[in-house]
Structures are given as structure tokens and as C-alpha cells.
Amino acid sequence: FPRPHPPARAMTSASCLSSCGHARLVAPPPARGTSRVPRAFRASRVPSRSERRATLARAASGDSADLDEDWVKSNEDAVRASPLVVGGVSVAALLLNRILSGVAPVADASSAQSRADVLCLGMAGTLVLTGLQWLALKQKPPTRVTLEGVAVPGPGGFVDPSLPLRAQEELRWVWDALSSATQCGSFAVVYKGRRVCQAGVAPRAAFGDADTTAAANSSDALHEALGSTRLIIGPICERCMKSGVSNYLANLALFPGRVEFQSYLPKNAQAVAVTPVGNEGVMVAASGTQRGFTPADQAWMAVLAEKLDATLSGEARA
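Every chain begins its residue count from 1, and numbering advances along the sequence as written. Local features in this predicted model are restricted to residues whose pLDDT is 70 or higher, and side-chain atom pairs enter the listing and the counts only when it is 80 or higher, whereas totals over whole chains, interfaces and linings include all residues. Excluded from the side-chain calculation are hydrogens and water; included are all heavy atoms of the structure.

J.: Is there a simple way to explain helix H7 (residues 235–243) in this structure?
T.: An α-helical turn contains 3.6 residues, so any two residues separated by three or four positions project in the same direction. For H7, the complete set of buried residues consists of Ile-236, Cys-237, Cys-240 and Met-241. The buried residues of H7 occupy one face: seen down the axis, they fall within an arc of 135°. Every exposed residue of H7 that faces more than 90 degrees away from the buried side is listed here: Pro-235 and Lys-242. Elements in contact with the buried residues of H7: strand E5 (247–249), strand E6 (271–277) and strand E7 (281–287). Gly-244 sits one or two residues past H7 and shows a positive phi near 75°. Each residue is assigned to one of three classes by its accessible area relative to the maximum for its type, calculated with a 1.4 Å probe on protein chains only: buried under 20%, partly exposed between the two thresholds, exposed over 50%. The helix and strand labels rest on DSSP assignments: H or I over at least four residues marks a helix, E over at least two residues marks a strand, and numbering proceeds from the N terminus. This arc corresponds to the set of directions leading from the helix axis out to the C-beta atoms. Here, two residues are considered to be in contact whenever any of their heavy atoms come within 4.5 Å of each other.

J.: What is the right way to look at the environment of Val-196 in this model?
T.: Among the structural elements, Val-196 can be located in strand E4 (residues 194–202). On the accessibility criterion, Val-196 (1% relative accessible area) is buried. Once residues within four sequence positions are removed from consideration, Val-196 is found in contact with Phe-158, Val-159, Asp-160, Leu-163, Leu-171, Val-189 and Tyr-191.

J.: Sorry if this is basic, but what is going on with the environment of Ala-269 here?
T.: You can see Ala-269 is positioned in the loop between E5 and E6. Between the C-alpha atoms of Ala-269 and Ala-285, which are 16 residues apart in sequence, the distance is 9.9 Å. In contact with Ala-269, other than residues within four places in its own chain, are Leu-147, Leu-252, Ala-286 and Ser-287.

Scope: geometric values only; no functional claims are made or implied.
In C-alpha cells form, the structure reads like this:
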């Protein structure tokens, strides 16, 4: 039978001997009152000054990228023409070098100078073609027009006076926020089949048979005309209310359905954003600039529409 192993006992580096009689080096045990801490739980090293500067530089790289982008936008023409200029100067330098170097003008495949000139000429030609392409494909700026119509008087335009005071203040605040932070120039809110708000520039057809020229100085007359004129929404707004999904017409001139907005929005509106206000209303914002509303503006309109729905529906249930 195998002999049992003797019980393990503490060993020190001075008294540790192997079975062969040779001394083995054993690490001394930790001092009393201390404990070995795993590497994963040890305190991290304090970064040096150079490492902190590198971290700050990486954190500030986003701002430098924005500055570079702004510089490119402000010098767009020069940036587009830079490949053409560099390519033209390179071709002129190659020809001048060929003339002054004393090499025969005929290309010789056995000459290293000729092979280098051919490669450089090809790269210079590529730069010239790139510059011509960049200049030809210059982006057309969006069309900007002044909305035609009559400006609805008042700080918040027309607001249905039959609504509670809280709902009226909410509608005025929404128009003030949109007109201040976006390129919204005309604004209308329809809830439960009636016009509850009309602000900004409105077409003359929105006032019905009222004489807008004679009543231009009377805000009460214009507000009364807006309140008495029925606003009929079209299929785009109805589909938006049923589906609960916003619709953005970035270039209104390209859509045949633009005729449904001409009864309460300016005829020369360039962009229209339709946002549902719950299942019973819709908020329509128009701009005089093509692609005038950014994705952030559209997301913000959706939040404002939810807030309006909570206010209007809450007042209706009360």
C-alpha cells in the first residue's frame, strides 16, 4: 500500500529542502497584518501630465472637427477648385522640368526620367479631372421665398376664444417656440374638425369674404373672420391623423397634393411638416425655404404635438 503523505506544514526559505537534499527558494509568507490583493482590485496608476494632456486633446477633437467643417463650408469654392489648381501647377512643373533637364522631348521607355514623368502626368491629370467634376457638381442652394399672404395679428395669432385659458396659452407658446427656433413662417392647428389656431402668414382665402385690406388694422375683425371660416383638411392630413405618423414634404412644389394646403397656408410655401395631434387633430407648419425643417425640428414638433394633445384632450374630458 502507498504510504500516506505527511501533513503539509509551513515552510520558510531558510528551512525548505527538497527530497533530494537540494535547497529550494520559496517566497516568504506575507507579513502579519497584510493581505495579498489580486491585481484586478489594485488601485490604478495615476496618469502622468503628458497622458492627461493627450486625453484632453482627444476630448477636444470633436470641437476641432466642427471648426474644420465650418471652415470648409465658408471656403467651399476654394476647396472645390483646389484639385484643379494643384493638377494644373503639377502639369506645368512637369513640362518645365522636361525642358530644363536636357532630356529628349520624345518619350523613351528605357529612360527612368520618362517613366517618372508619365506617372506624374497621370496623377496630375487625375487631379485636374477631379477638380472639374467638383466644380460641375456644385450643390444648388435651397430656394428661399417670402411667404405671400396676410400676417395674422396678435402675439400668438388667432386662437379659438372658446378654449380654456390654459389651452389658449399653450397654443400661443407653441407658435412662439416654433417661430423663434425654426424657419416656420405659417402655422395652423386643427382639432376635432375646427380651427383652434392660425398664426404667421395666412392666405387671403383663409379669411373668407372678409376684406383683409380694409380690416388690416383691426385684429378683432381678422380673428372673427378666421373663426367663422371653416377649415377643411385634405387626404394628407387625414391619413396622418389615422396612422399617427408625421409627414414631411421637403419640396412642396413636387407634390400634386399641395393644393389641399392652399386654403389655409401661403401658396408659395416651399416645405410643409404635418404632425398628428393625437387621433383627432393635426398640426401643420410651413416654411418659405426648401428643406426648411431639419430632423431635429420634426422630432421637436412631434413632442409639441403630444403636449398639445394632452392639453386639448384633457380640457375636453374635463
